[in-house]
Amino acid sequence: MGNVTVIGSQWGDEGKGKIVDWLSNQADIVARFQGGNNAGHTIVVNKKKIALSLLPSGIIRQKKSVIGNGVVVNPQALLDEIRSLKKVGINVSNKDLVISENASIIFSFHKNIDSIREKLKGPNKIGTTGRGIGPAYEDKVGRRAIRLGDLRNKENLKNKIKNILAYHNTILLGLGAKTIDEKEIMIEIESYRLEILKFVQRINPIFFKAKLSGQKILFEGAQGILLDVDHGTYPFVTSSNTLPSSASTGTGISIKQLGFILGIVKAYTTRVGSGPFPSELKNNIGTKLGKIGNEFGTVTGRQRRCGWFDSIIVKHSLEISGADGIALTKMDVLDNFEEIKICVGYKLKGKKIDYFPNLDFEQNNLQPIYEKHKGWMENTQGAKSWSELPALAIKYVRRVEELIGVPVVMLSTSPKREDTIVVKNPFIS
Ligand code: IMP
């Protein structure tokens, strides 16, 4: 029995929520390690839908949930999530939830800066979630961020606020935008300071103890590998590393404790926001995929762009992640397509290539090369074993495995937890 690290292997929204929920039932600790409240998935608790963005999903199964130092935390948004859980009968105490004292804070001004930047970029905008994620990470690597543990020492905090505002106000002034008032930030902080501090502590001892006692940890990645700030479709990416190794930097656990690396892969492709997407279908087939797959963002409600499965980007993601297996999700969305295509390569300036290039001027000019598959035209929704799947659907799965070079260990056939075919439990590897 080991740990499991879950990562999205496309542009996010691969259906990680359901798989993480399935796995969290078997974990002792569930930890988030990167991203912030730009992530999101909807869960149903006591027949009520709740959108979680920041809380590790283990929280609804009363598992110890940890928000690591690699996460950028908006305390107001987090407390709102905790309140919304309370409304459906789930009380989150500081025994259930622990937030790393060295996680950086997202302030309301980070959100404003995010939106000012996007407006300035006009048609070249990234299409961010507008949650202030990028500006908060910039402050972190710029060594001026305020961390959650800083809220304990008011004198020190005041100096840090002066320092961070000196930087931002200079830029805002230059842009002719409204500057940030120190007093307003202090009021903002006071509105949550004591409440959030209840959850803030050193997280290293939790993981150290877990290792000694053999507790199982589920590391819950957010976004997807193609949104990784180094390895994704830069600059149309998020501001964190989404690779599994971020679970180490983002929590302080040893790289040797990542355990089974599970890539989550959707049976077709989607993305929200701007940026290259070689197999995108800007036609009625793309619209049909979006409709059947209910492809609307949990966080922003934006319509997702849809396209055929791109084996090249997934292979790229899985290779750089060192994935041990994948969970293939949303197979049932393809049930009603007479013909299904898979992208197996690209043409770049008339030349065939079988890899995903790193640079935007190349990524923007890729023409997908497709292979065609006959659709199974039968219902696979709710299938719980391979024997319930049509032969053509199994053929599709086998071809996906062959192209990406990683086995399917879980197959999800509906949003429901129980509709999952488990070939191999990643916790028992
Ligand atoms: P940011 O993370 O809000 O800065 O947004 C940067 C890019 O990442 C945008 O294209 C977003 O749409 C995308 N993004 C961020 N979080 C998610 C996610 O959880 N799912 C899918 N796309 C995301």
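Located above this text is the structure these notes cover.
Residues numbered from 1 in each chain as written. Predicted model: local features only at pLDDT ≥ 70, side-chain atom pairs only at ≥ 80, totals over all residues. Heavy atoms only, no water.

1. So, the overall build of the protein chain
The secondary structure content of the protein chain amounts to 13 helices and 20 strands. Here the C-alpha atoms of the protein chain give a radius of gyration of 22 Å, agreeing with the 22 Å that 2.2 N^0.38 yields for 429 residues. A separation threshold of at least 6 residues defines the contact pool for the protein chain, and within that pool the share at least 24 residues apart is 76%. Counting only carbon and sulfur atoms, one obtains 50% of the accessible surface of the protein chain, whose full area is about 18,700 Å². Of the side-chain charges in the protein chain, 61 are positive and 42 negative, and the distance between the mean point of each set is 2 Å. (Helix = DSSP H or I, 4+ residues; strand = E, 2+ residues; numbered from the N terminus. Rg over C-alpha atoms; globule rule 2.2 N^0.38 Å. Contact = heavy atoms within 4.5 Å. Areas by Shrake-Rupley, 256 points an atom, 1.4 Å probe, with all protein chains shown as cover. Lys, Arg positive; Asp, Glu negative; His and termini not counted. Charge placed at Lys NZ, Arg CZ, Asp CG, Glu CD.)

2. Thoughts on the site of the ligand
Contacts to the ligand come from 15 residues, most closely from Asp13, Asn38, Thr129, Thr238 and Arg302. Taking Asn38, its side chain carries an N or O atom lying 2.9 Å from an oxygen atom of the ligand. Measuring from an oxygen atom of the ligand, one finds a backbone N or O atom of Gly127 at 3.4 Å. Starting from 470 Å² of accessible surface for the ligand in isolation, the protein chains cover 96%. Looking at side-chain class alone, the shell around the ligand contains six nonpolar, seven polar and two charged residues. (Near = heavy atom within 4 Å. Polar contact = N/O pair within 3.5 Å; in protein donor to acceptor, adjacent residues only side chain to side chain. Nonpolar A, V, L, I, M, F, W, Y, C, P; charged D, E, K, R; others polar.)

3. As for the side chain of Lys18
The residue Lys18 is located in helix α1 (residues 16-24) in this model. Of the side chains bearing the opposite charge, Asp419 lies closest to the buried Lys18, which forms no salt bridge; the N-O distance is 6.1 Å. At a separation of 2.9 Å, a polar atom in the side chain of Lys18 contacts the main-chain carbonyl oxygen of Lys416. (Buried < 20%, exposed > 50% of the residue type's maximum accessible area, 1.4 Å probe, protein only. Salt bridge = Lys/Arg side-chain N within 4 Å of Asp/Glu carboxyl O.)

4. Section: the packing of aromatic side chains
Under the defined criterion, the tally for this structure stands at six aromatic pairs. Just above the ring of Phe427 sits the side chain of Lys216; from NZ or CZ to the centre is 5.5 Å. (Phe/Tyr/Trp six-rings, centres within 6.5 Å; stacked < 30°, edge-to-face > 60°. Lys NZ or Arg CZ within 6 Å of the ring centre and 35° of its normal.)

5. Digging into the sheet that holds strand β11 (residues 260-266)
The sheet built from 10 strands is open, its strands ordered β9-β7-β5-β2-β10-β1-β11-β15-β19-β20 with mixed pairing. Edge strands, defined here as strands with exactly one partner in the open sheet, are β9 (200-201) and β20 (420-422). Looking at chain direction, strand β7 (residues 97-100) and β9 are connected through two bridges and run parallel. Note on β9: the bridge partner recorded for Ser100 is Gln201. (Pairing = 2+ DSSP bridges.)

6. Examining the side chain of Asp332
For Asp332, the position within the fold is in the loop between β15 (325-329) and β16 (339-348). With near-sequence residues (within four places) excluded, Asp332 lies in contact with Thr380, Gln381, Ser412, Thr413 and Ser414.

7. Side note on the packing of helix α3 (residues 108-121) against helix α4 (residues 133-141)
It is the contact of α3 with α4, at a shortest axis distance of 7 Å, that shows an interaxial angle of 115 degrees. Here α3 lies roughly perpendicular to α4, going by the angle between them. In this structure, α3 meets α4 at a crossing whose hand is right-handed. Across from Phe109, His110, Ile113, Asp114 and Arg117 in α3, the residues of α4 making contact are Ile133, Pro135, Ala136, Glu138 and Asp139. Of the residues in the contact of α3 with α4, the class split is five nonpolar, one polar and four charged. (Axes fitted to C-alpha atoms, helices over the stretch in contact; angles between N-to-C directions. Parallel < 35°, antiparallel > 145°, perpendicular 65-115°, else oblique. Left-handed = near helix turned anticlockwise from the far one by under 90°.)

8. Thoughts on the pairing of β16
The sheet contact formed by strand β14 (residues 309-310) and β16 spans two bridges and is parallel. Bridged to Phe309 within β16 is Ile342. Pairing geometry for β16 and strand β18 (residues 366-374), over nine bridges, is antiparallel. Across the sheet, the residue bridging to Leu348 is Leu366, located in β18.

9. Let's talk about the pattern of salt bridges
Here the structure, examined in full by the defined rule, presents 23 salt bridges. Of the charged contacts, one joins Arg61 and Asp21 as a salt bridge, the two residues approaching to 2.7 Å between their closest N and O atoms. One end of the pair, Arg61, is in the loop between β4 (48-52) and β5 (64-67); the other, Asp21, is in helix α1, with 40 residues separating them in the sequence. For Asp21, a relative accessible area of 10% puts it in the buried group. In this structure, Arg417 and Asp21 form a salt bridge, with 3.1 Å as the shortest nitrogen-oxygen distance.

10. Things to note about a nonpolar patch on the surface
Together, Leu120, Tyr167, Ile171 and Leu175 make up an exposed nonpolar region whose accessible area comes to about 380 Å². Top contributing element to the nonpolar patch by residue count: helix α5 (residues 154-175), with three residues. (Patch = residues over 30% accessible without salt bridge, like charges linked within 9 Å, V, L, I, M, F, W, Y side chains within 5 Å.)

11. Some thoughts on the environment of Val408
With respect to the helices and strands, Val408 occurs in strand β19 (residues 408-412). With relative accessibility at 3%, the residue Val408 sits in the buried group. Leaving out residues up to four positions away in the same chain, Val408 has contacts with Ile326, Leu328, Val397, Glu401 and Val423.

12. Remarks on the packing of α3 against α5
Here α3 crosses α5 at 30 degrees, and the two axes come no closer than 12 Å. The orientation of α3 with respect to α5, classified from their angle, is roughly parallel. The two elements α3 and α5 cross, and the hand of that crossing is left-handed. Across the interface between the two elements, Phe109, His110, Ile113, Ile116 and Leu120 from α3 touch Ile164, Leu165, His168, Leu172 and Leu175 from α5. Split into classes, the residues belonging to the contact of α3 with α5 amount to eight nonpolar, two polar and no charged.

13. Considerations on the nonpolar core
Grouped together as the largest cluster of nonpolar side chains are 62 residues, with contacts concentrated most on Phe207, Leu328, Met331, Leu334 and Tyr396. Residue contributions to this core peak at six residues, all from helix α13 (residues 391-404). Those residues in contact with Met331 that sit more than four places away from it in its chain are Ala267, Trp376, Thr380, Ala393, Tyr396, Val397, Leu411 and Ser412. Ranked by size, the runner-up nonpolar core spans 41 residues in total, among them Ala103, Ile146, Leu148 and Ile164. (Core = buried A, V, L, I, M, F, W, Y, C linked by side-chain atoms within 4.5 Å.)

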